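Breakdown of the fold
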Amino acid sequence: MSNVLVVFGATGQQGSSVVNYVLNDPELSQKFKIRAITRDLSSEKAKQLKERGVEVVEGDVLNRASLEKALTGAHTVFAMTTPSFAPDAFEWEFNNGKSIADVAVEKGAEYLIWSTLPSPKEISGGKYTKVTPFDAKAKVEQYIRGLPIKSAFVSLGSFMENFQSQTFLAPREAPDGTWVLSRHTSIKTQFPLIDAVGDAGKFIGAILAEPAKYEGKTFCAATALYTVEEIIAAMSKSTGKTIVFKQISTEDFWKSLPIAADIFTEAFSYGEEYGYFGPLSKELVAWAAENARGRLSTLEEYFEAHPLQLE
């Protein structure tokens, strides 16, 4: 009999990648029956999951009763939380992650895979304290490691999808017809990039296939580290436009951001100084890529499949 795999965020980027990977994998599709958790059963994506034979259950991290229902009978859980930009963002996200973990243990789940992130505050020794979505997920990871449940962790790099969705960080057209990407950090700063929808499931699938092998381990999930210079070259190739880099002051970068200015400014500064996953980012990304269950998309390949549009 198949074990129940509960997938939070099943209609989003990470969760959908897990669902797609398991459904399409000959071994894992027999090993697991997927229960997709969503806040909106009437959404088009939820309906599409039902049509593919996935059990779709309503679940809300703010409603403990719905969490208990969603996790009853679960064998393995893939859990994630979405960030908040409210004043109490850190506590809000930590408590949401804690609730999922607590109920998973209470309902007798055997294995929990948590979508974590590195802690800039901890890695920088307290220098960078405003990257709350990262720090909150890292604290949930620490909490889970102390619970009586087997666990593993996937720490996703920067999403390739963000080049299209986060338009406020995109290059801007200059009067001379070139496009300018402005940052307060160096053109040599490195980012671990991942096709979240296409590839996140390949890392989580590795854990699902060999849970004992990866218990307690963290996949720093990305295809590779890319410098800003390499990213610009790929963007130029995809768009056919001349894109140049301009380093600006930290204050000017902060002022250019319409939302979460403190978070983005500190995140980029932290990444330049310490590395996205810390000083061992290169080795951690290489290990995760080597252990992923399937070939990973390069940035160039991602842009070929999803051509970049500049506005």
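Above: the structure in question.
Here we summarise the structure given alongside this text. Because the structure is predicted, anything quoted here is derived from the model rather than measured. (Residues numbered from 1 in each chain as written. Predicted model: local features only at pLDDT ≥ 70, side-chain atom pairs only at ≥ 80, totals over all residues. Heavy atoms only, no water.)

1. So, the pairing of strand β2 (residues 32-38)
Rule in force here: Burial here depends on accessible area, computed with a 1.4 Å probe over protein chains only, as a share of the maximum for the residue type. Under 20% is buried, over 50% is exposed, and the range in between is partly exposed. Only DSSP runs of H or I with at least four residues qualify as helices, and only runs of E with at least two residues qualify as strands; both kinds are numbered from the N terminus onward. A strand pair is defined by DSSP finding two or more bridges across the two strands. Here, the term right-handed applies to a crossover whose path from the first strand over the helix to the second runs clockwise when the strands point away from the viewer.
For β2, the tally of buried residues reaches six of seven residues, placing the bulk of the element in the interior. As paired strands, β2 and strand β3 (residues 55-58) are joined by four bridges and run parallel to one another. Residue pairing across strands places I37 opposite V57, the latter belonging to β3. At this point the chain moves from β2, through helix α3 (residues 44-51), to the parallel β3, and the crossover so formed is right-handed.

2. Section: the pattern of salt bridges
Put simply, the rule is: The salt bridge criterion pairs a side-chain nitrogen of Lys or Arg with a carboxyl oxygen of Asp or Glu, the two atoms within 4 Å.
Applying the stated criterion to the full structure yields 14 salt bridges. Between K98 and D102 there is a salt bridge whose closest N-O contact spans 2.9 Å. Here K98 and its partner D102 are both found in helix α5 (residues 89-106), four residues apart, which amounts to about one turn of the helix. Assessed through its relative accessible area of 27%, K98 is described here as partly exposed. In this structure, K255 engages E251 in a salt bridge whose closest nitrogen and oxygen atoms are separated by 3.1 Å.

3. A short note on the packing of aromatic side chains
Rules: Pairing of aromatic side chains requires ring centres within 6.5 Å, counting the rings of Phe and Tyr and the six-membered ring of Trp. Pairs whose planes differ by under 30 degrees are stacked, by over 60 edge-to-face, and all others tilted. A positively charged side chain is recorded as over a ring if its NZ (Lys) or CZ (Arg) lies within 6 Å of the ring centre. The angle to the ring normal must also be within 35 degrees.
The full count for this structure, using the stated rule, is 16 aromatic pairs. Consider the rings of Y276 and F277, whose centres lie 4.7 Å apart with planes at 75°: the pair is edge-to-face. Judged on exposure class, the residue Y276 and its partner F277 are both buried. Each member of the aromatic cluster is reached from another via a ring pair, and the members are F168, F191, F253, F264 and F268. Sitting over the face of the ring of F94, K139 holds its NZ or CZ atom 4.4 Å from the ring centroid.

4. Re the side chain of S124
Selection criterion: By the criterion applied in these results, polar contacts are pairs of N or O atoms within 3.5 Å in which, for protein atoms, one can donate a hydrogen and the other can accept it, and in which residues neighboring in sequence qualify only through two side-chain atoms.
Within the element layout of this structure, S124 appears in the loop between α6 (120-123) and α7 (132-145). Taking relative accessible area as the criterion, S124 reaches 8% and is therefore assigned buried. At 3.1 Å, the side chain of S124 and the backbone nitrogen of K127 are in polar contact.

5. Re helix α13 (residues 261-274)
Short version of the rule: A helix is expected to span 1.5 Å multiplied by its residue count minus one. Any pair of residues with heavy atoms lying within 4.5 Å of one another is described as a contacting pair.
Here α13 spans 20 Å end to end across 14 residues, near enough to the 20 Å set by a 1.5 Å rise per residue. Burial of α13 is extensive: ten of the 14 residues sit out of reach of the surface. Those residues of α13 that fall on the buried side of the exposure criterion are A261, I263, F264, T265, E266, A267, F268, S269, Y270 and G271. Among the structural elements, α6, α7, β9 (179-183), β10 (190-194) and α12 (250-256) are those in contact with the buried residues of α13. Following α13 by one or two positions, G275 has its phi on the positive side, about 90°.

6. Here's the deal with the layout of surface pockets
We apply this condition: Method remark: on a 1 Å grid restricted to protein atoms, a set of points is classed as a cavity if a 1.4 Å probe fits but cannot get out and as a pocket if it is open with protein on both sides within 12 Å along at least five of seven lines; lining residues have an atom within 4 Å of a point. Grid points are joined across faces, edges and corners, and a volume is the space filled by probe spheres set on the points. All residues other than Ala, Val, Leu, Ile, Met, Phe, Trp, Tyr, Cys, Pro, Asp, Glu, Lys and Arg, Gly among them, are scored as polar; the first ten of these are nonpolar and the last four charged.
Approximately 250 Å³ is the volume found for the second largest pocket. Forming the walls of the second largest pocket are 15 residues, and the residues nearest its centre are L117, P118, S119, I123 and E141. When contributions to the lining of the second largest pocket are tallied by element, the ones reaching two or more residues are α6, α7 and β11 (218-221). In terms of residue count, the dominant contributor to the lining of the second largest pocket is α7 (four residues). Broken down by class, the residue content of the lining of the second largest pocket amounts to seven nonpolar, five polar and three charged.

7. Examining the sheet that holds strand β7 (residues 158-159)
On the basis of which strands lie adjacent, the open sheet formed by three strands has the order β7-β10-β12 and mixed pairing. Sheet topology places β7 and β12 (224-227) at the edges, where each strand pairs with a single neighbour. Taken together, the four bridges between β10 and β12 define a ladder with antiparallel strand orientation. From the neighbouring strand, Q190 faces β12, where its bridge partner is T227.

8. Considerations on the sheet that holds strand β8 (residues 172-173)
Note the following rule: A fitted line through C-alpha atoms represents every axis, and for helices the fit uses only the stretch in contact; the resulting angles, taken between N-to-C directions, go from 0 to 180 degrees.
Here we have three strands laid out as an open sheet, ordered β8-β9-β13, and mixed in their pairing. Of all strands in the sheet, those bounded by a partner on one side alone are β8 and β13 (243-247). In terms of strand pairing, β9 meets β13 through five bridges, oriented parallel. When the sheet's bridge partners are listed, S182 is paired in β13 with K246. The strands that helix α11 (residues 228-239) touches are β9 and β13; relative to β13, the one it contacts most, it runs at about 150°.

9. Some words on the nonpolar core
Definition in use: We call a set of buried Ala, Val, Leu, Ile, Met, Phe, Trp, Tyr and Cys residues a nonpolar core when their side-chain atoms join them within 4.5 Å.
If you look at the biggest cluster of nonpolar residues, it comprises 62 residues, and the most contacted ones within it are F8, V77, V154 and F203. It is helix α9 (residues 196-209) that contributes the most residues to this core, eight residues altogether. Apart from residues lying up to four places away in sequence, F8 is in contact with G15, I37, L67, L71, V77, F78, A79, M80 and I100. Listed in part, the 37 residues of the second largest apolar core include Y226, I231, M235 and I243.

Read these as layout, nothing more, since geometry by itself doesn't imply function.
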